[in-house]
Amino acid sequence: LQVDVAKFISRTPLEAVTLFHECSEIFLDSLSVLLRETTILPDTYVFRTNEVSRELYIVQSGAVELTTDASEEEEGRVEAVLSRDDFFGEVSFIFGMRQTSHARTPPNMTAVLFTLQKQDYTQLVKLYPAEEEKIVKSILWTWDQAQSSGRLGGGKESSAKSAVSGKSGFSGDRGVDANALDDVNKVRYMLNIAKDKKRSEKVVAVVEAVSKNDFKEVARVLDSGEVEVDEGDFEG
């Protein structure tokens, strides 16, 4: 009954989030049970810069603004306005990176969010490790797309810049000036480290599976396309 109620309330929003597009139906059913609905009053911060998100956020109604820090020269500016089915905070949530933007509700608008707690997510992906791989791969893939299209080079803003996403992913459709490039480069560096770490973990997984003669697991990891057959030879 709990699953049926959760599916009715929060399952549909999950289907609209590109972060979970490759995930299985059973995983999404389980995930929908863990979502909590939260109302954020007008002009309220969801998180601030330098904080690490312990929650993933999906906008159900209303709006959330992503804003920069104010400086002596200028006031903090609104970089993006997120609305229904947009999600944010996923890079900080998944990789443990600090936020480089504020997230807050507008002065005249309430927002209703679905939130996923980090602890609940961690417990769930222990049961579905392949689903976590899909989610991480989705983030890294969209990051690579943003890089290759030049969105991170100063012409367009992407969610990687602020460690939060816009229109259901790394949308890259908002302007950013040169003052933001340091943050972009920092996030690029941190995401590349995370990507290399995940890749190294796959190499270790292959080696361990081979040592246990678990060739089914070896095939599964290699089929993910994240590890080359001879990679272990070069990386020890």
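Up top you'll find the structure we're talking about.
Residues numbered from 1 in each chain as written. Predicted model: local features only at pLDDT ≥ 70, side-chain atom pairs only at ≥ 80, totals over all residues. Heavy atoms only, no water.

Caption draft 1: Geometry of the packing of aromatic side chains. Enumeration according to the criterion identifies five aromatic pairs in this entry. What links up through ring pairs into an aromatic cluster is the set Phe47, Tyr57 and Phe88. Its end group placed over the ring of Tyr45, Arg48 keeps NZ or CZ at 3.8 Å from the ring centre. (Phe/Tyr/Trp six-rings, centres within 6.5 Å; stacked < 30°, edge-to-face > 60°. Lys NZ or Arg CZ within 6 Å of the ring centre and 35° of its normal.)

Caption draft 2: View of the pairing of strand 4 (residues 64–67). Both faces of strand 4 are covered, namely the face carrying Val64 and Leu66 and the face carrying Glu65 and Thr67. Of the pairings in the sheet, the one linking strand 4 to strand 5 (residues 78–82) comprises four bridges and is antiparallel in character. If you follow Val64 over to strand 5, its bridge partner there is Leu82. Direction of pairing for strand 4 relative to strand 7 (residues 102–104): antiparallel, over a ladder of three bridges. Bridged to Glu65 within strand 7 is Arg104. (Buried < 20%, exposed > 50% of the residue type's maximum accessible area, 1.4 Å probe, protein only. Helix = DSSP H or I, 4+ residues; strand = E, 2+ residues; numbered from the N terminus. Pairing = 2+ DSSP bridges.)

Caption draft 3: Representation of helix 4 (residues 118–127). Among all positions in helix 4, only Lys118, Tyr121, Leu124 and Val125 are buried. For helix 4, the buried positions fall inside an angular range of 125° around the axis, keeping them on one side. Away from its buried face, by an angle of more than 90 degrees, helix 4 presents the exposed residues Gln119, Lys126 and Leu127. (Arc of directions from axis to C-beta.)

Caption draft 4: Just the pairing of strand 8 (residues 111–117), in detail. Along strand 8, six of the seven residues are buried, which leaves the element largely enclosed by surrounding structure. Here five bridges tie strand 1 (residues 36–40) to strand 8, and the two strands are oriented antiparallel to one another. In the sheet register, Ile40 faces strand 8, and the bridge partner there is Ala111. Pairing geometry for strand 3 (residues 55–61) and strand 8, over six bridges, is antiparallel. Bridging across to strand 8, Leu56 finds its partner in Leu116.

Caption draft 5: A look at the nonpolar core. If you look at the biggest cluster of nonpolar residues, it comprises 28 residues, and the most contacted ones within it are Phe20 and Phe27. Counting only elements with at least two residues in this core, the list comes to helix 2 (25–34), strand 3, helix 3 (90–95), strand 8, helix 4 and helix 5 (129–148). In this view, Phe27 contacts Leu124, Val125, Tyr128, Glu131 and Ile135; residues no more than four positions away in its chain are not counted. (Core = buried A, V, L, I, M, F, W, Y, C linked by side-chain atoms within 4.5 Å. Contact = heavy atoms within 4.5 Å.)

Caption draft 6: Examining the sheet that holds strand 4 more closely. Read across the open sheet, the four strands follow the order 2-7-4-5; overall the sheet is antiparallel. Every interior strand has two partners, whereas the edge strands, strand 2 (45–47) and strand 5, have only one. In this sheet, adjacent strand axes meet at a mean angle of 30° when their direction is disregarded. (Axes fitted to C-alpha atoms, helices over the stretch in contact; angles between N-to-C directions.)

Caption draft 7: The arrangement of the sheet that holds strand 1 in detail. Pairing is antiparallel in the open sheet, where four strands are placed in the order 1-8-3-6. The sheet terminates laterally at strand 1 and strand 6 (87–88), the two strands that pair on one side only.

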